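Letter by letter, the chains look like this.
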Amino acid sequence: MSTGDQRSMIREAMQAIAQRKPGKSKLVYDKTKRTIVAVSEGVSTPKALNITADDADMFGVVTLSSGWLRNKWPDLTKLGSLAVDFSSWDDGDALTQLELCIQGSGTQAPATLVFGQQQGQPAEGMVISIVPTDKPTHRADVFVSPDNIAYRAELIEGGKPAGDRREVVFADIEPQLDLRRAGILETTILKDRTVLCIGLGTGGAHVAVELAKSGVGHFILVDRDRLSVGNVVRHPGGISQVGRTKANVTRDLILEKNPNAQVDVHIVDVGFDNRGTMGGLVQAADLVICGTDNRQSKLLINELCVSANKPAVYGGAFRRAYGGQILRVRPKHSPCQQCFVSALPDEASDVEVSSQDDADAIAYSDRPVAVEPGLSLDVLPIATQLAKLALLELLADKSSTLNVLKRDFDAPWYLWLNRPEPGTQYADMPPLSESRDEMTINRWYGIYFERDEQCPVCGDFLAGFAAAYSIDPARLPALPEKD
Ligand SMILES: [Zn+2]
(Lines give C-alpha, C1' and ligand atoms only; values in the text may rest on other atoms or scores of the structure.)
Protein backbone atom coordinates (compact mmCIF):
# COMPACT_ATOMS: atom_id res chain seq x y z
CA MET A 1 0.00 0.00 0.00
CA SER A 2 1.45 3.38 -1.00
CA THR A 3 1.80 6.15 1.54
CA GLY A 4 -0.88 8.13 -0.25
CA ASP A 5 -3.39 5.28 -0.09
CA GLN A 6 -2.49 4.73 3.53
CA ARG A 7 -3.11 8.41 4.37
CA SER A 8 -6.35 8.36 2.48
CA MET A 9 -7.46 5.30 4.49
CA ILE A 10 -6.50 7.04 7.71
CA ARG A 11 -8.51 10.08 6.70
CA GLU A 12 -11.56 7.95 5.86
CA ALA A 13 -11.28 6.07 9.12
CA MET A 14 -11.02 9.30 11.08
CA GLN A 15 -13.97 10.84 9.28
CA ALA A 16 -15.99 7.72 10.05
CA ILE A 17 -14.99 8.02 13.72
CA ALA A 18 -15.87 11.71 13.74
CA GLN A 19 -19.30 10.96 12.27
CA ARG A 20 -19.70 7.96 14.62
CA LYS A 21 -20.16 5.64 11.64
CA PRO A 22 -18.86 2.12 11.58
CA GLY A 23 -16.07 2.57 9.06
CA LYS A 24 -14.57 0.14 6.59
CA SER A 25 -11.24 0.58 8.27
CA LYS A 26 -9.96 1.24 11.75
CA LEU A 27 -6.84 2.83 13.12
CA VAL A 28 -4.16 0.94 14.95
CA TYR A 29 -0.71 1.70 16.21
CA ASP A 30 1.94 -0.27 14.38
CA LYS A 31 4.78 -0.90 16.82
CA THR A 32 7.32 -1.77 14.16
CA LYS A 33 6.63 1.33 12.03
CA ARG A 34 6.05 3.43 15.19
CA THR A 35 3.12 5.13 13.55
CA ILE A 36 -0.63 5.01 13.19
CA VAL A 37 -1.87 2.89 10.29
CA ALA A 38 -5.33 2.09 8.94
CA VAL A 39 -6.32 -1.56 8.64
CA SER A 40 -9.43 -3.26 7.27
CA GLU A 41 -12.16 -4.26 9.71
CA GLY A 42 -11.75 -7.82 10.87
CA VAL A 43 -7.95 -7.91 10.58
CA SER A 44 -6.57 -8.88 13.94
CA THR A 45 -4.16 -6.29 15.28
CA PRO A 46 -1.91 -6.23 18.32
CA LYS A 47 -3.23 -3.00 19.76
CA ALA A 48 -6.11 -0.73 18.76
CA LEU A 49 -6.04 2.98 19.47
CA ASN A 50 -8.91 5.01 20.78
CA ILE A 51 -8.84 7.88 18.31
CA THR A 52 -11.30 10.75 18.58
CA ALA A 53 -12.33 13.50 16.18
CA ASP A 54 -9.95 15.92 17.92
CA ASP A 55 -7.03 13.86 16.69
CA ALA A 56 -7.82 15.04 13.15
CA ASP A 57 -5.34 17.86 13.82
CA MET A 58 -2.62 15.48 12.67
CA PHE A 59 -3.33 16.59 9.09
CA GLY A 60 -2.03 20.08 9.68
CA VAL A 61 -3.84 23.35 9.24
CA VAL A 62 -4.02 25.88 6.43
CA THR A 63 -5.43 29.29 7.42
CA LEU A 64 -6.71 31.95 5.02
CA SER A 65 -7.81 35.46 5.98
CA SER A 66 -11.56 36.02 5.50
CA GLY A 67 -11.08 39.79 5.44
CA TRP A 68 -8.48 39.56 2.70
CA LEU A 69 -10.62 37.17 0.67
CA ARG A 70 -13.69 39.43 0.95
CA ASN A 71 -11.60 42.35 -0.36
CA LYS A 72 -10.16 40.28 -3.20
CA TRP A 73 -13.44 38.55 -4.07
CA PRO A 74 -14.22 40.70 -7.16
CA ASP A 75 -10.69 40.02 -8.53
CA LEU A 76 -10.87 36.30 -7.80
CA THR A 77 -14.25 35.79 -9.44
CA LYS A 78 -13.28 37.90 -12.46
CA LEU A 79 -9.76 36.57 -13.05
CA GLY A 80 -10.40 32.99 -11.90
CA SER A 81 -7.19 32.83 -9.87
CA LEU A 82 -4.98 34.88 -7.56
CA ALA A 83 -1.57 34.47 -5.97
CA VAL A 84 -1.49 34.00 -2.21
CA ASP A 85 1.51 33.63 0.13
CA PHE A 86 1.79 31.66 3.33
CA SER A 87 4.11 31.61 6.27
CA SER A 88 5.12 27.98 6.61
CA TRP A 89 5.54 26.70 10.17
CA ASP A 90 6.94 23.41 11.45
CA ASP A 91 8.05 21.98 8.10
CA GLY A 92 4.76 22.93 6.47
CA ASP A 93 2.53 21.47 9.20
CA ALA A 94 0.81 24.85 9.55
CA LEU A 95 0.43 27.29 6.68
CA THR A 96 -0.77 30.75 7.73
CA GLN A 97 -1.55 33.39 5.13
CA LEU A 98 1.09 36.12 5.28
CA GLU A 99 -1.58 38.84 5.58
CA LEU A 100 -2.44 37.33 8.99
CA CYS A 101 1.14 37.26 10.26
CA ILE A 102 2.63 40.11 12.26
CA GLN A 103 5.86 38.13 12.45
CA GLY A 104 6.17 35.31 9.94
CA SER A 105 8.07 32.06 10.29
CA GLY A 106 10.81 33.19 7.92
CA THR A 107 9.83 30.47 5.43
CA GLN A 108 7.36 31.52 2.78
CA ALA A 109 5.22 29.22 0.69
CA PRO A 110 3.45 30.58 -2.40
CA ALA A 111 0.14 29.16 -3.62
CA THR A 112 -2.49 29.88 -6.28
CA LEU A 113 -6.06 30.50 -5.25
CA VAL A 114 -8.46 29.10 -7.85
CA PHE A 115 -12.15 29.99 -8.08
CA GLY A 116 -13.94 26.67 -8.72
CA GLN A 117 -12.78 23.07 -8.62
CA GLN A 118 -9.17 22.47 -9.58
CA GLN A 119 -9.13 20.02 -12.47
CA GLY A 120 -6.71 17.19 -11.83
CA GLN A 121 -3.61 17.27 -9.72
CA PRO A 122 -1.10 20.09 -10.34
CA ALA A 123 2.40 18.88 -11.24
CA GLU A 124 3.98 21.16 -8.65
CA GLY A 125 3.22 24.02 -6.29
CA MET A 126 0.14 24.48 -4.18
CA VAL A 127 -3.35 25.24 -5.43
CA ILE A 128 -6.26 26.24 -3.22
CA SER A 129 -9.61 25.50 -4.75
CA ILE A 130 -12.59 27.57 -3.59
CA VAL A 131 -15.81 25.61 -4.15
CA PRO A 132 -19.44 26.01 -3.02
CA THR A 133 -20.51 23.99 0.01
CA ASP A 134 -23.70 23.18 1.86
CA LYS A 135 -21.93 23.05 5.25
CA PRO A 136 -23.35 25.37 7.94
CA THR A 137 -21.87 28.88 7.71
CA HIS A 138 -20.73 29.14 11.35
CA ARG A 139 -18.02 26.55 10.74
CA ALA A 140 -14.39 27.65 10.62
CA ASP A 141 -13.90 25.86 7.27
CA VAL A 142 -16.70 27.81 5.59
CA PHE A 143 -16.32 31.24 3.96
CA VAL A 144 -19.37 33.35 3.20
CA SER A 145 -18.74 35.45 0.10
CA PRO A 146 -19.92 39.08 -0.28
CA ASP A 147 -22.82 37.74 -2.41
CA ASN A 148 -23.78 35.52 0.55
CA ILE A 149 -22.84 32.11 -0.83
CA ALA A 150 -21.04 29.55 1.34
CA TYR A 151 -17.71 28.19 0.10
CA ARG A 152 -15.11 25.78 1.37
CA ALA A 153 -11.51 25.55 0.28
CA GLU A 154 -9.04 22.74 -0.12
CA LEU A 155 -5.33 22.76 -0.54
CA ILE A 156 -4.00 20.55 -3.32
CA GLU A 157 -0.28 19.99 -3.33
CA GLY A 158 1.49 19.26 -6.59
CA GLY A 159 2.96 15.79 -6.86
CA LYS A 160 0.93 14.46 -3.93
CA PRO A 161 -1.96 12.01 -4.26
CA ALA A 162 -5.58 13.09 -3.94
CA GLY A 163 -5.78 11.61 -0.43
CA ASP A 164 -3.40 14.32 0.78
CA ARG A 165 -5.75 17.24 0.21
CA ARG A 166 -5.90 19.45 3.24
CA GLU A 167 -8.96 21.32 4.48
CA VAL A 168 -8.53 25.07 4.80
CA VAL A 169 -9.92 27.14 7.66
CA PHE A 170 -10.79 30.83 7.54
CA ALA A 171 -9.73 33.39 10.12
CA ASP A 172 -12.22 36.23 10.41
CA ILE A 173 -10.28 38.22 12.95
CA GLU A 174 -12.47 41.01 14.21
CA PRO A 175 -15.72 39.08 14.75
CA GLN A 176 -13.89 36.05 16.13
CA LEU A 177 -11.99 38.17 18.68
CA ASP A 178 -14.99 40.34 19.60
CA LEU A 179 -17.04 37.24 20.35
CA ARG A 180 -14.75 36.39 23.26
CA ARG A 181 -15.17 39.84 24.84
CA ALA A 182 -18.84 40.33 24.07
CA GLY A 183 -20.98 41.28 27.03
CA ILE A 184 -17.98 41.89 29.29
CA LEU A 185 -16.22 44.74 27.55
CA GLU A 186 -17.77 47.40 25.38
CA THR A 187 -15.54 46.73 22.42
CA THR A 188 -17.10 49.34 20.15
CA ILE A 189 -16.19 52.04 22.69
CA LEU A 190 -12.70 50.71 23.32
CA LYS A 191 -11.92 50.57 19.59
CA ASP A 192 -12.12 54.37 19.47
CA ARG A 193 -10.05 54.98 22.59
CA THR A 194 -6.41 56.10 22.51
CA VAL A 195 -3.98 55.09 25.23
CA LEU A 196 -0.57 56.71 25.58
CA CYS A 197 1.87 54.21 27.14
CA ILE A 198 5.04 55.81 28.43
CA GLY A 199 7.69 53.33 29.51
CA LEU A 200 7.54 49.87 27.95
CA GLY A 201 9.54 47.78 30.35
CA THR A 202 7.99 44.60 31.75
CA GLY A 203 5.05 46.31 33.43
CA GLY A 204 4.30 48.86 30.72
CA ALA A 205 4.54 46.33 27.88
CA HIS A 206 2.27 43.86 29.69
CA VAL A 207 -0.31 46.57 30.34
CA ALA A 208 -0.27 47.59 26.67
CA VAL A 209 -0.72 43.99 25.52
CA GLU A 210 -3.55 43.37 28.02
CA LEU A 211 -5.34 46.49 26.77
CA ALA A 212 -4.90 45.29 23.18
CA LYS A 213 -6.43 41.93 24.13
CA SER A 214 -9.34 43.81 25.69
CA GLY A 215 -9.98 45.60 22.40
CA VAL A 216 -8.41 49.05 22.84
CA GLY A 217 -7.97 50.34 19.30
CA HIS A 218 -5.33 53.09 19.41
CA PHE A 219 -1.95 53.13 21.08
CA ILE A 220 0.85 55.68 21.29
CA LEU A 221 4.03 54.04 22.59
CA VAL A 222 6.96 55.93 24.06
CA ASP A 223 10.24 54.37 25.14
CA ARG A 224 13.82 54.87 24.09
CA ASP A 225 15.37 51.67 25.45
CA ARG A 226 16.27 48.55 23.55
CA LEU A 227 15.45 45.03 24.68
CA SER A 228 18.48 43.34 26.18
CA VAL A 229 19.06 39.67 26.94
CA GLY A 230 18.56 40.28 30.67
CA ASN A 231 15.13 41.82 30.03
CA VAL A 232 13.80 38.67 28.42
CA VAL A 233 13.32 36.90 31.76
CA ARG A 234 10.41 39.28 32.49
CA HIS A 235 9.53 41.30 29.40
CA PRO A 236 6.89 39.82 27.08
CA GLY A 237 9.37 40.30 24.22
CA GLY A 238 11.54 37.24 23.63
CA ILE A 239 15.10 36.39 22.74
CA SER A 240 14.45 36.84 18.99
CA GLN A 241 13.61 40.49 19.72
CA VAL A 242 16.85 41.34 21.52
CA GLY A 243 18.37 44.57 20.20
CA ARG A 244 15.07 46.00 18.97
CA THR A 245 13.55 48.99 20.71
CA LYS A 246 11.03 48.02 23.39
CA ALA A 247 8.48 50.33 21.76
CA ASN A 248 8.69 48.47 18.43
CA VAL A 249 8.67 45.07 20.17
CA THR A 250 5.55 46.12 22.09
CA ARG A 251 3.89 47.38 18.90
CA ASP A 252 4.29 43.93 17.34
CA LEU A 253 2.98 42.22 20.49
CA ILE A 254 -0.07 44.51 20.40
CA LEU A 255 -0.69 43.73 16.72
CA GLU A 256 -0.36 39.99 17.40
CA LYS A 257 -3.33 40.35 19.76
CA ASN A 258 -5.30 43.04 17.98
CA PRO A 259 -4.27 43.25 14.31
CA ASN A 260 -6.67 46.11 13.65
CA ALA A 261 -5.13 48.38 16.31
CA GLN A 262 -3.44 51.62 15.25
CA VAL A 263 -0.05 51.92 16.91
CA ASP A 264 2.23 54.98 16.81
CA VAL A 265 5.75 54.50 18.07
CA HIS A 266 8.00 57.26 19.47
CA ILE A 267 11.58 56.30 20.29
CA VAL A 268 12.32 59.24 22.58
CA ASP A 269 13.52 59.99 26.06
CA VAL A 270 10.94 61.24 28.53
CA GLY A 271 12.52 64.38 29.89
CA PHE A 272 12.08 68.12 30.22
CA ASP A 273 14.04 68.76 27.01
CA ASN A 274 11.25 67.22 24.95
CA ARG A 275 8.30 68.39 26.98
CA GLY A 276 6.72 69.95 23.86
CA THR A 277 6.62 66.58 22.08
CA MET A 278 5.32 64.82 25.18
CA GLY A 279 2.67 67.48 25.69
CA GLY A 280 1.38 66.88 22.16
CA LEU A 281 1.20 63.13 22.74
CA VAL A 282 -0.68 63.63 26.03
CA GLN A 283 -3.20 65.86 24.21
CA ALA A 284 -3.86 63.10 21.66
CA ALA A 285 -4.66 60.48 24.32
CA ASP A 286 -7.79 59.58 26.28
CA LEU A 287 -5.69 57.99 29.01
CA VAL A 288 -2.01 57.99 29.92
CA ILE A 289 -0.24 54.96 31.39
CA CYS A 290 3.09 55.77 32.97
CA GLY A 291 5.43 52.87 33.59
CA THR A 292 8.69 54.79 33.88
CA ASP A 293 10.63 54.23 37.06
CA ASN A 294 12.28 57.55 37.75
CA ARG A 295 10.71 60.41 39.58
CA GLN A 296 11.58 63.19 37.10
CA SER A 297 9.74 61.56 34.22
CA LYS A 298 6.70 60.78 36.41
CA LEU A 299 6.51 64.38 37.59
CA LEU A 300 6.81 65.69 34.04
CA ILE A 301 4.03 63.40 32.81
CA ASN A 302 1.95 64.39 35.83
CA GLU A 303 2.29 68.07 35.07
CA LEU A 304 1.38 67.57 31.39
CA CYS A 305 -1.62 65.36 32.22
CA VAL A 306 -2.99 67.70 34.89
CA SER A 307 -2.72 70.74 32.62
CA ALA A 308 -4.35 68.83 29.72
CA ASN A 309 -6.97 67.37 32.11
CA LYS A 310 -6.17 63.78 31.07
CA PRO A 311 -6.52 60.88 33.50
CA ALA A 312 -3.30 59.00 34.14
CA VAL A 313 -2.35 55.76 35.83
CA TYR A 314 1.15 55.28 37.24
CA GLY A 315 2.42 51.84 38.10
CA GLY A 316 5.64 50.39 39.35
CA ALA A 317 7.25 47.55 41.24
CA PHE A 318 9.13 48.08 44.50
CA ARG A 319 12.78 47.13 44.70
CA ARG A 320 13.39 43.44 43.96
CA ALA A 321 9.68 43.38 43.06
CA TYR A 322 8.57 42.46 46.61
CA GLY A 323 5.41 44.37 45.78
CA GLY A 324 4.20 47.33 43.82
CA GLN A 325 1.83 50.20 43.63
CA ILE A 326 -0.51 52.03 41.33
CA LEU A 327 -1.57 55.65 41.49
CA ARG A 328 -4.60 56.75 39.49
CA VAL A 329 -4.88 60.48 38.92
CA ARG A 330 -8.08 62.20 37.84
CA PRO A 331 -6.93 65.82 37.53
CA LYS A 332 -8.52 68.15 40.11
CA HIS A 333 -10.60 65.26 41.50
CA SER A 334 -7.98 63.01 43.07
CA PRO A 335 -4.42 63.49 44.35
CA CYS A 336 -1.85 63.91 41.59
CA GLN A 337 1.67 62.45 41.45
CA GLN A 338 3.02 65.65 43.05
CA CYS A 339 0.45 65.38 45.89
CA PHE A 340 1.57 61.74 46.32
CA VAL A 341 5.26 62.64 46.53
CA SER A 342 4.47 65.40 49.06
CA ALA A 343 2.17 63.24 51.21
CA LEU A 344 4.06 59.93 51.10
CA PRO A 345 7.65 60.60 50.02
CA ASP A 346 9.02 57.21 51.13
CA GLU A 347 6.31 55.20 49.39
CA ALA A 348 6.57 57.32 46.25
CA SER A 349 10.30 56.76 46.00
CA ASP A 350 10.38 52.98 46.53
CA VAL A 351 11.03 51.98 42.97
CA GLU A 352 12.68 49.04 41.40
CA VAL A 353 15.90 49.44 39.48
CA SER A 354 15.21 47.21 36.54
CA SER A 355 17.49 48.52 33.82
CA GLN A 356 21.09 49.61 33.66
CA ASP A 357 19.95 53.02 32.39
CA ASP A 358 17.86 53.50 35.52
CA ALA A 359 20.74 52.32 37.67
CA ASP A 360 23.07 54.82 35.98
CA ALA A 361 20.50 57.61 36.33
CA ILE A 362 20.18 57.02 40.07
CA ALA A 363 23.92 56.58 40.61
CA TYR A 364 24.70 60.26 40.08
CA SER A 365 26.80 60.14 43.24
CA ASP A 366 29.86 57.93 43.56
CA ARG A 367 27.63 55.20 44.93
CA PRO A 368 27.28 52.39 42.40
CA VAL A 369 23.73 51.17 41.87
CA ALA A 370 23.12 47.69 40.54
CA VAL A 371 20.27 46.35 38.51
CA GLU A 372 18.04 44.42 40.88
CA PRO A 373 16.63 41.00 40.25
CA GLY A 374 12.87 40.52 40.33
CA LEU A 375 10.46 37.93 39.08
CA SER A 376 8.02 38.33 36.24
CA LEU A 377 5.32 36.67 38.33
CA ASP A 378 5.72 39.41 40.93
CA VAL A 379 5.35 42.18 38.34
CA LEU A 380 2.40 40.73 36.40
CA PRO A 381 -0.20 41.16 39.17
CA ILE A 382 0.60 44.87 39.15
CA ALA A 383 0.31 45.06 35.37
CA THR A 384 -3.03 43.22 35.25
CA GLN A 385 -4.49 45.34 38.05
CA LEU A 386 -3.27 48.48 36.30
CA ALA A 387 -4.81 47.34 33.02
CA LYS A 388 -8.15 46.79 34.77
CA LEU A 389 -8.04 50.27 36.31
CA ALA A 390 -7.18 51.63 32.87
CA LEU A 391 -10.22 49.90 31.31
CA LEU A 392 -12.47 51.32 34.04
CA GLU A 393 -11.10 54.75 33.28
CA LEU A 394 -11.58 54.32 29.51
CA LEU A 395 -15.20 53.25 30.01
CA ALA A 396 -15.83 55.71 32.87
CA ASP A 397 -18.50 57.82 31.22
CA LYS A 398 -20.18 54.94 29.40
CA SER A 399 -22.58 52.31 30.63
CA SER A 400 -20.47 49.21 30.97
CA THR A 401 -20.47 45.79 32.63
CA LEU A 402 -17.37 46.94 34.47
CA ASN A 403 -19.32 49.75 36.15
CA VAL A 404 -20.12 47.42 39.04
CA LEU A 405 -16.42 47.68 39.93
CA LYS A 406 -16.51 51.44 40.43
CA ARG A 407 -17.35 51.13 44.13
CA ASP A 408 -14.44 48.67 44.58
CA PHE A 409 -11.89 50.76 42.72
CA ASP A 410 -12.48 54.25 44.03
CA ALA A 411 -9.21 54.81 45.93
CA PRO A 412 -6.41 56.84 44.34
CA TRP A 413 -3.61 54.54 45.48
CA TYR A 414 -3.32 50.74 45.30
CA LEU A 415 -0.76 48.64 47.08
CA TRP A 416 0.21 44.99 46.60
CA LEU A 417 2.84 42.94 48.42
CA ASN A 418 4.22 39.58 47.32
CA ARG A 419 6.24 38.74 50.40
CA PRO A 420 7.15 40.16 53.81
CA GLU A 421 10.45 41.54 52.49
CA PRO A 422 13.10 41.82 55.22
CA GLY A 423 14.26 45.38 55.83
CA THR A 424 10.95 46.95 54.84
CA GLN A 425 8.02 48.17 56.95
CA TYR A 426 6.17 45.06 55.77
CA ALA A 427 8.69 42.54 57.18
CA ASP A 428 6.46 41.59 60.14
CA MET A 429 3.19 41.09 58.33
CA PRO A 430 1.15 38.19 59.73
CA PRO A 431 0.71 35.05 57.63
CA LEU A 432 -2.05 35.18 55.06
CA SER A 433 -4.03 32.45 56.84
CA GLU A 434 -4.04 34.16 60.25
CA SER A 435 -4.77 37.76 59.42
CA ARG A 436 -8.27 39.15 59.17
CA ASP A 437 -7.72 42.85 59.64
CA GLU A 438 -4.02 43.47 59.25
CA MET A 439 -2.15 43.82 56.00
CA THR A 440 -0.94 40.61 54.41
CA ILE A 441 0.71 39.49 51.23
CA ASN A 442 -1.23 38.71 48.04
CA ARG A 443 -4.04 41.19 48.59
CA TRP A 444 -4.71 44.47 46.92
CA TYR A 445 -5.27 47.45 49.18
CA GLY A 446 -7.00 50.58 47.97
CA ILE A 447 -5.69 53.44 50.11
CA TYR A 448 -7.18 56.89 50.49
CA PHE A 449 -5.27 60.11 51.01
CA GLU A 450 -6.23 63.70 50.46
CA ARG A 451 -5.41 65.87 47.53
CA ASP A 452 -3.18 68.82 48.47
CA GLU A 453 -5.36 71.87 47.83
CA GLN A 454 -2.20 73.94 47.51
CA CYS A 455 -0.35 71.45 45.30
CA PRO A 456 1.89 73.40 42.88
CA VAL A 457 0.65 71.14 40.04
CA CYS A 458 -3.03 70.39 40.65
CA GLY A 459 -3.99 72.83 43.40
CA ASP A 460 -3.94 76.55 44.01
CA PHE A 461 -0.37 77.02 45.13
CA LEU A 462 -0.49 80.84 45.13
CA ALA A 463 -3.59 80.94 47.34
CA GLY A 464 -1.90 78.60 49.81
CA PHE A 465 1.29 80.65 49.75
CA ALA A 466 -0.68 83.85 50.24
CA ALA A 467 -2.66 82.38 53.13
CA ALA A 468 0.49 81.09 54.81
CA TYR A 469 2.08 84.55 54.76
CA SER A 470 -1.13 86.61 55.15
CA ILE A 471 -0.70 88.27 51.76
CA ASP A 472 -3.55 89.51 49.58
CA PRO A 473 -3.47 86.98 46.65
CA ALA A 474 -4.33 89.77 44.20
CA ARG A 475 -0.99 91.41 44.98
CA LEU A 476 1.09 88.35 44.11
CA PRO A 477 2.79 88.37 40.72
CA ALA A 478 1.56 85.73 38.24
CA LEU A 479 3.65 82.56 37.93
CA PRO A 480 5.61 82.37 34.69
CA GLU A 481 3.90 80.34 31.95
CA LYS A 482 5.32 76.86 31.54
CA ASP A 483 6.25 75.96 28.05
ZN1 LIG B 1 -1.42 67.56 43.09
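Residues numbered from 1 in each chain as written. Predicted model: local features only at pLDDT ≥ 70, side-chain atom pairs only at ≥ 80, totals over all residues. Heavy atoms only, no water.

Digging into the overall build of the chain
When its secondary structure is counted, the chain shows 13 helices and 18 strands. Counting the 483 residues in the chain, one finds 47% classified as buried. In the chain, 61% of the contacts between residues at least 6 apart in sequence involve partners at least 24 apart. (Helix = DSSP H or I, 4+ residues; strand = E, 2+ residues; numbered from the N terminus. Buried < 20%, exposed > 50% of the residue type's maximum accessible area, 1.4 Å probe, protein only. Contact = heavy atoms within 4.5 Å.)

Notes on the nonpolar core
In this structure, Cys 197, Leu 211, Val 216, Phe 219, Leu 221, Ile 254 and Ile 289 are the most contacted members of the largest nonpolar core, which totals 41 residues. Considering each element in turn, this core owes the most residues, ten residues, to helix α12 (residues 376–394). Those residues in contact with Val 216 that lie beyond four places of it in its chain are Leu 190, Arg 193, Val 195, Leu 211, Asn 258, Ala 261, Leu 391 and Leu 394. Formed by 39 residues, the second largest nonpolar core is a distinct cluster that contains Val 222, Val 288, Leu 344 and Cys 458. (Core = buried A, V, L, I, M, F, W, Y, C linked by side-chain atoms within 4.5 Å.)

Digging into a nonpolar patch on the surface
On the surface, Phe 461, Phe 465, Tyr 469 and Ile 471 cluster together into a nonpolar patch covering about 380 Å² of accessible area. Among the structural elements, Phe 461 can be located in helix α13 (residues 461–468). With a relative accessible area of 37%, Phe 461 lands in the partly exposed category. (Patch = residues over 30% accessible without salt bridge, like charges linked within 9 Å, V, L, I, M, F, W, Y side chains within 5 Å. Areas by Shrake-Rupley, 256 points an atom, 1.4 Å probe, with all protein chains shown as cover. Salt bridge = Lys/Arg side-chain N within 4 Å of Asp/Glu carboxyl O.)

A look at helix α6 (residues 246–257)
In a regular helix each residue adds 1.5 Å, so twelve residues correspond to 16 Å; α6 covers 17 Å between its end C-alpha atoms and thus fits that length. By the burial criterion, the buried members of α6 are Lys 246, Ala 247, Val 249, Thr 250, Asp 252, Ile 254 and Leu 255. In the core, the buried residues of α6 are packed alongside α5 (202–214), β12 (218–222) and β13 (262–266). (Expected span 1.5 Å × (residues − 1).)

Here we look at the packing of aromatic side chains
Taken as a whole and assessed by the stated rule, the structure comprises twelve aromatic pairs. Between Phe 143 and Phe 170, the ring centres sit 5.4 Å apart and the planes meet at 35°, which makes this aromatic pair tilted. Of the two residues, Phe 143 is situated in strand β8 (residues 143–144) and Phe 170 in strand β10 (residues 166–171); the sequence distance between them amounts to 27 residues. Ring pairing ties together the aromatic residues Trp 73, Phe 115, Phe 143, Tyr 151 and Phe 170, which thus form one cluster. (Phe/Tyr/Trp six-rings, centres within 6.5 Å; stacked < 30°, edge-to-face > 60°.)

A short note on the environment of Ile 326
Along the chain, Ile 326 turns up in strand β16 (residues 323–329). Note: C-alpha distance between Ile 326 and Gly 316 (ten residues apart in sequence) is 6.7 Å.

Things to note about the coordination of the zinc ion
In this structure, Cys 336 (SG), Cys 339 (SG), Cys 455 (SG) and Cys 458 (SG) serve as the protein donors to the zinc ion, at separations of 2.2 to 2.4 Å. The site at the zinc ion holds four donor atoms, and with the angles between them running 99 to 120°, its shape is tetrahedral. Binding-site remark: the zinc ion is held by donors from one chain whose sequence spacing is C-x2-C-x115-C-x2-C. Here the residue Cys 336 occupies a position in the loop between β16 and α9 (337–343), and Cys 455 occupies one in the loop between β18 (444–447) and α13, the gap between them amounting to 119 residues. There is no split in this pair, since Cys 336 and Cys 455 are both buried. (Donors = N, O, S within 2.8 Å, 3.2 Å for Na, K, Ca; no water. Tetrahedral: all angles 85-135°; square planar, octahedral: opposite > 155°, others 65-115°.)

Regarding the sheet that holds β16
The sheet built from eight strands is open, its strands ordered β13-β12-β11-β14-β15-β16-β17-β18 with mixed pairing. The open sheet has two free edges, formed respectively by β13 and β18, since each of these has just one partner strand. Pairwise comparison of adjacent strand axes, ignoring direction, gives a mean angle of 15° for this sheet. Direction of pairing for strand β14 (residues 287–290) relative to strand β15 (residues 312–317): parallel, over a ladder of three bridges. Residue Val 288 lies in a different strand from β15, and its bridge partner there is Ala 312. (Pairing = 2+ DSSP bridges. Axes fitted to C-alpha atoms, helices over the stretch in contact; angles between N-to-C directions.)

Concerning the state of the cysteines
Tallying each qualifying case throughout the model produces zero disulfides. Looking at Cys 290, it has no disulfide partner, and the nearest cysteine sulfur is the one in Cys 305, 8.0 Å off. Taking relative accessible area as the criterion, Cys 290 reaches 1% and is therefore assigned buried. (Disulfide = S-S within 2.5 Å.)

A few points about the environment of Lys 191
Its location among the elements puts Lys 191 in helix α4 (residues 187–191). Classification of Lys 191 as partly exposed rests on a relative accessible area of 27%. Separated by 23 residues in the primary sequence, Lys 191 and Ser 214 have C-alpha atoms spaced 9.5 Å apart.

Re the pattern of salt bridges
Within this structure, the stated rule accounts for 20 salt bridges. Residues Arg 320 and Glu 421 are paired through a salt bridge, measuring 3.1 Å at the closest nitrogen-oxygen approach. With Arg 320 in the loop between β15 and β16 and Glu 421 in the loop between β17 (413–417) and β18, this pair connects stretches of sequence that are 101 residues apart. Of the residues examined, Arg 320 reaches a relative accessible area of 40% and is grouped as partly exposed. A salt bridge links Asp 408 to Arg 407; its shortest N-O distance comes to 3.4 Å. Taking the relative accessible area as the measure of exposure, Asp 408 reaches 40% and is therefore partly exposed.

Looking at the packing of helix α7 (residues 275–283) against helix α8 (residues 295–308)
For the pair α7 and α8, interaxial distance at closest approach is 10 Å and the crossing angle is 50°. For the element pair α7 / α8, the angle class is oblique. Of the two possible hands of crossing, α7 and α8 adopt the one that is right-handed. Residue-level inspection shows Arg 275, Met 278, Gly 279, Val 282 and Gln 283 of α7 in contact with α8, the latter providing Leu 300, Ile 301, Glu 303, Leu 304, Cys 305 and Ala 308. Within the contact of α7 with α8, the residues separate by chemical class into seven nonpolar, two polar and two charged. (Parallel < 35°, antiparallel > 145°, perpendicular 65-115°, else oblique. Left-handed = near helix turned anticlockwise from the far one by under 90°. Nonpolar A, V, L, I, M, F, W, Y, C, P; charged D, E, K, R; others polar.)

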